[in-house]
Amino acid sequence: MSTSDEVDRIVGAWNTQRADLDFSPLEVLSRVDRLSRHLDRARREVFRRSDLEPWEWDVLSALRRAGDPFQLSPKSLLQQTLVSSGTMTNRIDRLVGRRFVRRVSDPGDGRSVLVTLTDDGRVRVDAAITRLVDAEAELLAPLARGDRERLAALLRKLSLSFDS
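Values in this document were obtained by computation on a predicted structure and should not be read as measured data. (Residues numbered from 1 in each chain as written. Predicted model: local features only at pLDDT ≥ 70, side-chain atom pairs only at ≥ 80, totals over all residues. Heavy atoms only, no water.)

Caption draft 1: How the structure looks around the UniProt feature "domain: HTH marR-type" (unreviewed entry) in the protein. Under the UniProt annotation, the feature "domain: HTH marR-type" (unreviewed entry) is placed at residues 25-160. Overall, residues 25-160 shows 70% helix and 12% strand. The separation of its end C-alpha atoms is 18 Å. (UniProt positions renumbered as here; feature names shortened; annotations may be inferred. Helix = DSSP H or I, 4+ residues; strand = E, 2+ residues; numbered from the N terminus.)

Caption draft 2: Quick look at the sheet that holds strand E1 (residues 71-72). With antiparallel pairing, three strands are arranged side by side in an open sheet as E1-E3-E2. Looking along the sheet, the strands with just one partner apiece sit at the ends: E1 and strand E2 (101-106). Taken together, the six bridges between E2 and strand E3 (residues 109-117) define a ladder with antiparallel strand orientation. Bridging across to E3, Arg103 finds its partner in Val115. The strands touched by helix H3 (residues 54-65) within the sheet are E1, E2 and E3, with E3 carrying the most contacts at an inclination of about 105°. (Pairing = 2+ DSSP bridges. Contact = heavy atoms within 4.5 Å. Axes fitted to C-alpha atoms, helices over the stretch in contact; angles between N-to-C directions.)

Caption draft 3: Examining the side chain of Arg91 more closely. The residue Arg91 is located in helix H5 (residues 85-97) in this model. Salt bridges are absent for the buried Arg91, whose nearest opposite-charge side chain, Asp58, sits at 5.0 Å. Sequence-distant contacts of Arg91, that is, excluding residues within four places in its chain, are made with Trp55 and Val83. (Buried < 20%, exposed > 50% of the residue type's maximum accessible area, 1.4 Å probe, protein only. Lys, Arg positive; Asp, Glu negative; His and termini not counted. Salt bridge = Lys/Arg side-chain N within 4 Å of Asp/Glu carboxyl O.)

Caption draft 4: Focus on the pairing of E3. Summarising the sheet, E1 and E3 pair through two bridges and their orientation is antiparallel. Counterpart to Gln71 in the pairing with E3 is Thr116. Taking the residues that link successive antiparallel strands as the turn, the E2-E3 hairpin has two residues.

Caption draft 5: Examining the nonpolar core more closely. Counting residues in each nonpolar core, the largest one holds 23 residues, and the members touching the most others are Trp57, Leu60, Leu63, Leu77, Leu95, Val101 and Leu117. When residues of this core are traced back to their parent elements, those giving at least two are helix H2 (24-49), H3, H5, E3 and helix H6 (119-139). Ranked by residue count, the leading element in this core is H3, at six residues. Setting aside residues no more than four positions away along its own chain, Leu60 makes contact with Leu52, Leu95, Phe100, Val101, Leu117 and Val125. (Core = buried A, V, L, I, M, F, W, Y, C linked by side-chain atoms within 4.5 Å.)

Set out below in structure tokens:
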């Protein structure tokens, strides 16, 4: 197996042409970008095999992660999926049409509704998360567990710098 990748070749060419620049950011972020494309393809395939659109996955997985009784307010779903209220209303309507969720009155506030995951929705999202974990494990298979943990820690550190 080669120890050089396409990024090494690109950075090497740039170093030849522009030795005055530090290309170490490209060595990291170009690889992240390339890996992101592989991850995107793998996720699209998982969702296709699960007969879900990525946006459906976002909503259903938020509900599933909420735990029994697998329900959230539309406002909470908005916060977790980062879409507008009109977009969320449309998404909920479409998921109701697919029988993956239903609207129920909020027992704590009769004027509000909660979005609840149906049994069909739970089965669908559980199958999708199983496929997703398997696909992502396959992408990370070249790394030992310790390497994965170190990489996760480094990416977390970088991610937190943007979130603060």
